[in-house]
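Structural features, examined
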Amino acid sequence: NQLKMSQNPDKLKSSEEKLSGLEDDEEENLENSDQSVRKRIRQSAPGSHRDDTPKSSPSRPVSIEELMETAKGVTNMALAHEIVVNGDFQIKPAELPEHSLEKKVRDIVHKAFWDSLEAQLKEDPPTYDHAIKLLGEIKESLLSFLLPGHTRLRSQITEVLDLDLIKQEAENGALDISKLVKFVIGMMGTLCAPARDEDIKKLKDINEIVPLFRAIFSVLDLMKMDMANFAVSSIRPKLMQQSAEYERKKFQEFLEKQPNSLDLVTKWLQEAADDLAKLGHEMLPPHCSDATGGASALCFTAVQNQAYLKLLKWDHVNRPFPETLLMDQTRFLEMQLELEQLLVVGTVLLVTFSAAGPALIDVPGFTERIKAIVRVLLTGMHLPSFNLKESLATVGEKVCAEVNCCLSQHGFTPFSAEREAVLKGQIQAVASPENSICKLLDSRIQKFLENYLVSSHQKSLPAIPGGLGPIQRELEEFAAKYIRLVNYNRMVFSPYYDAVLGKILTKEESQIVGKSEES
């Protein structure tokens, strides 16, 4: 009798084994971009969803060159796709597992190098071979941060870090390594992003030359990462168009080899059209005809919007995903789980504010504290072992304690035992799939997302429906992420959707006309 959750993502059913290889290549390329949930889902995915798929003819031998080229293409496509649809995509430093052999070997090699540098500098007279090589690497790094217009900075770096001159000074015992390092730190401060100012400041506090060199290279690596992430954000608009064209081209090639590769898409869009027909939607056939008698673009869009909304209520264990959305199946699953948790949080907040009256609505920080409590206690709510009813009982206890504390602090009368019992009961009742408040908020969230889809290309965004105010920020952030994913998928595959919908809507319209003639 608990609120129905999406199925355990660890049991996610694979859609079309023939495309699973594309996703496997993708995960290797995205290891540094918070893909742990996706990786777990893909690794546990079982085999093909249907046995009636026509068997392909025997495959021809494939050369190593062709295989490598294909793998490179798929990997590049997956990376470009991730950059485009994930607005938070960032390149992150690779971190080796703490006790792994790779980390032990790396640490040993690094220690040996820095020990060697320290030994050279402690010689009498000092040997600067390693130090000069490091200065050369630092010089190249600093030059790589410059833009074409930075001629003055380029001249300064080239002049001060002139390796030939530095070698002569070292040979003559006149090299002032501290002066050069000071120049490097100053130049790093000029070129770094504001986020690195604190790191640069810490460099100035290091007095020993070897630890200072190590710290300089560490900060330079961070600056390179900042530069790479800036480049990613800069190329995203152009990459979006190119990636969309490339993905469409690859899918077309796949479709030509396996003509039944739009079967699941057709079923998905057909169900969306049927849903709208049952709702008596004004954009449905026979109202979906333009002057030429064909299905209008407005109707196509309405059915597509309904289809995209259905993806947030998908049974990922028992239903295969549409072929054109396979690369984003795990993203839609994550969004579905996020939205289900947000629905419970929103319902608990609405029930709490209704019970407490207007007294606590404007109390600074109260809403965020309740949200934090509920979120923590609902962690893992999509797992099979999670008991929603028991968790909501704990939520009720914590919320009542927070409400009474806040009421007392602001001069209001705390809840009586009877009012506490009522609020706890209302919160526990959220676990029921038939809970009227939860169903009401769910329908309002779906309507908000539908309006967001309709207005996604307009400047004015839809207003938050009543009752959803306490989760407005989270809902708008979710909607923005969802719309980004939908719009990109639409950009890539709209020609295929239009072709499928043309047949579906024309068929439905002819059936309606036939029935009217019979009557």
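Note that this is a predicted model, so its numbers are computed, not measured. (Residues numbered from 1 in each chain as written. Predicted model: local features only at pLDDT ≥ 70, side-chain atom pairs only at ≥ 80, totals over all residues. Heavy atoms only, no water.)

**Observations regarding the overall build of the protein chain**
Quick note on the threshold: Helix and strand assignments come from DSSP, with helices taken as H or I runs of at least 4 residues and strands as E runs of at least 2, each series counted from the N terminus. Each residue is placed in one exposure class: buried if its accessible area under a 1.4 Å probe, protein chains only, is under 20% of its type's maximum, exposed if it is over 50%, and partly exposed if it falls in between. Two residues form a contact once any of their heavy atoms are found within 4.5 Å. What sets the accessible areas is the Shrake-Rupley method with a 1.4 Å probe; for residues, cover comes only from the shown protein chains.
The number of helices and strands found in the protein chain is 18 helices and 0 strands. Taking all 519 residues of the protein chain together, the buried fraction comes to 44%. Pairs at least 24 residues apart make up 76% of the contacts formed inside the protein chain by residues separated by at least 6 positions. Surface exposure of the protein chain reaches about 28,100 Å², of which carbon and sulfur atoms provide 54%.

**Focus: the packing of helix α13 (residues 329-356) against helix α17 (residues 436-454)**
The following threshold applies: Note on method: axes are straight lines fitted to C-alpha atoms, helices fitted across the in-contact stretch only, with angles between N-to-C directions ranging 0 to 180 degrees. Note on terminology: angles under 35 degrees are roughly parallel, angles over 145 are roughly antiparallel, angles of 65 to 115 are roughly perpendicular, and the others are oblique. The handedness criterion is simple: a crossing whose near helix is rotated anticlockwise from the far helix by less than a right angle is left-handed, and one whose near helix is rotated clockwise is right-handed. Under the convention adopted here, Pro, Cys and the residues Ala, Val, Leu, Ile, Met, Phe, Trp and Tyr are nonpolar, Asp, Glu, Lys and Arg are charged, and Gly plus all remaining residues are polar.
Viewed as axis vectors pointing N to C, α13 and α17 meet at an angle of 125°, and their least axial separation amounts to 10 Å. The angle between α13 and α17 places the two elements in the oblique class. Two packed elements cross with a definite hand, and for α13 against α17 that hand is right-handed. Of α17, the residues touching α13 (which contributes Leu 339, Leu 343, Gly 346, Thr 347, Leu 350 and Val 351) are Ile 437, Cys 438, Leu 441, Asp 442, Ile 445, Gln 446 and Leu 449. Here the residues of the contact of α13 with α17 are counted per class, giving 9 nonpolar, 3 polar and 1 charged.

**With respect to the nonpolar core**
For clarity, the cut-off: Definition used in this section: a nonpolar core is a set of buried Ala, Val, Leu, Ile, Met, Phe, Trp, Tyr and Cys residues joined via side-chain atoms within 4.5 Å.
One finds Trp 268, Leu 269, Leu 360, Leu 378, Leu 392, Leu 449 and Tyr 482 to be the most contacted residues of the largest nonpolar core, which totals 89 residues. A total of 16 residues in this core trace back to one element, the largest contributor, which is helix α18 (residues 472-518). Residues within four places of Leu 392 in sequence aside, it is in contact with Val 344, Val 348, Leu 378, Ile 427, Gln 428, Val 430 and Ala 431. Counting 40 residues, the second-largest nonpolar core is a separate cluster that includes Ile 138, Leu 191, Ala 215 and Leu 220.

**As for the packing of helix α8 (residues 177-191) against helix α10 (residues 209-257)**
The geometry of α8 relative to α10 is characterised by a closest axis approach of 12 Å and an angle of 20° between their N-to-C directions. When the axes of α8 and α10 are compared, the pair comes out roughly parallel. For the element pair α8 and α10, the recorded crossing hand is left-handed. Across from Ile 177, Val 181, Val 184, Ile 185, Met 188 and Leu 191 in α8, the residues of α10 making contact are Ile 209, Leu 212, Phe 213, Ile 216, Val 219, Leu 220 and Met 223. In terms of residue class, the contact of α8 with α10 is built from 13 nonpolar, no polar and no charged.

**Thoughts on a nonpolar patch on the surface**
Applied cut-off: Patch definition: residues above 30% relative accessible area lacking any salt bridge, with like charges linked at up to 9 Å and the nonpolar side chains Val, Leu, Ile, Met, Phe, Trp and Tyr linked at up to 5 Å. Each salt bridge in this description consists of a side-chain nitrogen of Lys or Arg and a carboxyl oxygen of Asp or Glu lying within 4 Å of one another.
On the surface, Leu 101, Val 105 and Val 109 cluster together into a nonpolar patch covering about 280 Å² of accessible area. Among the structural elements, Val 105 can be located in helix α4 (residues 101-122). Residue class for Val 105 comes out partly exposed when judged on its relative accessible area of 43%.

**Considerations on α13**
Let me state the cut-off plainly: Residue count minus one, scaled by 1.5 Å, sets the expected span of a helix.
For α13, which comprises 28 residues, the first-to-last C-alpha distance of 41 Å matches the rise-based estimate of 40 Å (1.5 Å per residue) to within 8%. Where burial is concerned, most of α13 is hidden: 23 out of the 28 residues are buried. Within two residues after α13, Gly 357 carries a phi angle of roughly 75°, on the positive side.

**Considering the pattern of salt bridges**
One pass over the structure, following the stated rule, counts 25 salt bridges. Taking the shortest distance from any N to any O, the salt bridge between Lys 424 and Glu 397 comes out at 3.2 Å. Highlighted residues: Lys 424 in helix α16 (residues 417-428) and Glu 397 in helix α15 (residues 388-409), separated in sequence by 27 residues. Residue classification places Lys 424 among the partly exposed positions, given a relative accessible area of 22%. Across the salt bridge formed by Glu 450 and Lys 447, the nearest N and O atoms sit 3.8 Å from each other. With a gap of 3 residues between them, Glu 450 and Lys 447 both fall in helix α17, about one helical turn apart. A relative accessible area of 21% means that Glu 450 is categorised as partly exposed. If you follow the salt bridges from partner to partner, you end up with Glu 368, Lys 371, Arg 375, Arg 473, Glu 474 and Glu 477 in one network.

**Examining unusual backbone geometry**
Cis geometry marks the peptide bond from Asp 124 to Pro 125; its omega dihedral reads 0°. Looking at the element boundaries, Pro 125 is found in the loop between α4 and α5 (129-144).

**Looking at the packing of aromatic side chains**
Here a ring pair, both rings aromatic, is described through the centre-centre distance and the interplanar angle of the planes. Cut-off, in case you're wondering: The pairing test for Phe, Tyr and Trp rings, Trp by its six-membered ring, is centres within 6.5 Å, and the orientation test on the planes gives stacked under 30 degrees, edge-to-face over 60, and tilted for anything in between. Any Lys NZ or Arg CZ found within 6 Å of a ring centre and within 35 degrees of that ring's normal is scored as a charge over the ring.
Tallying each qualifying case throughout the model produces 15 aromatic pairs. An angle of 70° between the planes, with centres 5.4 Å apart, marks the rings of Phe 448 and Tyr 452 as edge-to-face. Taken together, the residues span about one helical turn, with Phe 448 and Tyr 452 both in helix α17 at a distance of 4 residues. We classify Tyr 452 as buried; its relative accessible area is 8%. Across from the ring centre of Trp 314, 4.1 Å away, lies the NZ or CZ of Arg 319, which sits over that ring.

**Concerning the environment of Ile 464**
Looking at the element boundaries, Ile 464 is found in the loop between α17 and α18. Measuring from C-alpha to C-alpha, the distance between Ile 464 and Leu 475 comes to 8.7 Å, with 11 residues separating the pair along the chain. Discounting chain neighbours no more than four positions away, the residues touching Ile 464 are Phe 448, Gly 469, Gln 472, Leu 475 and Glu 476.

**Overview of the confidence of the model for the protein chain**
The cut-off we apply is this: A residue's pLDDT is the confidence the predictor assigns to it, expressed on a 0 to 100 scale.
This prediction gives the protein chain a mean pLDDT of 79; 78% of its residues lie at or above 70. Here residues 1-60 scores under 50 on pLDDT; set against residues more than four positions off or in separate chains, the count is 128 contacts. In this model residues 289-295 is a low-confidence stretch, pLDDT under 50, and it forms 9 contacts with partners more than four residues away in sequence or in other chains.

**Points about the environment of Leu 79**
Residue position: Leu 79 is located in helix α3 (residues 64-85). Relative accessible area serves as the criterion here: at 28%, Leu 79 is assigned to the partly exposed category. Separated by 164 residues in sequence, Leu 79 and Ser 243 place their C-alpha atoms 9.7 Å apart.

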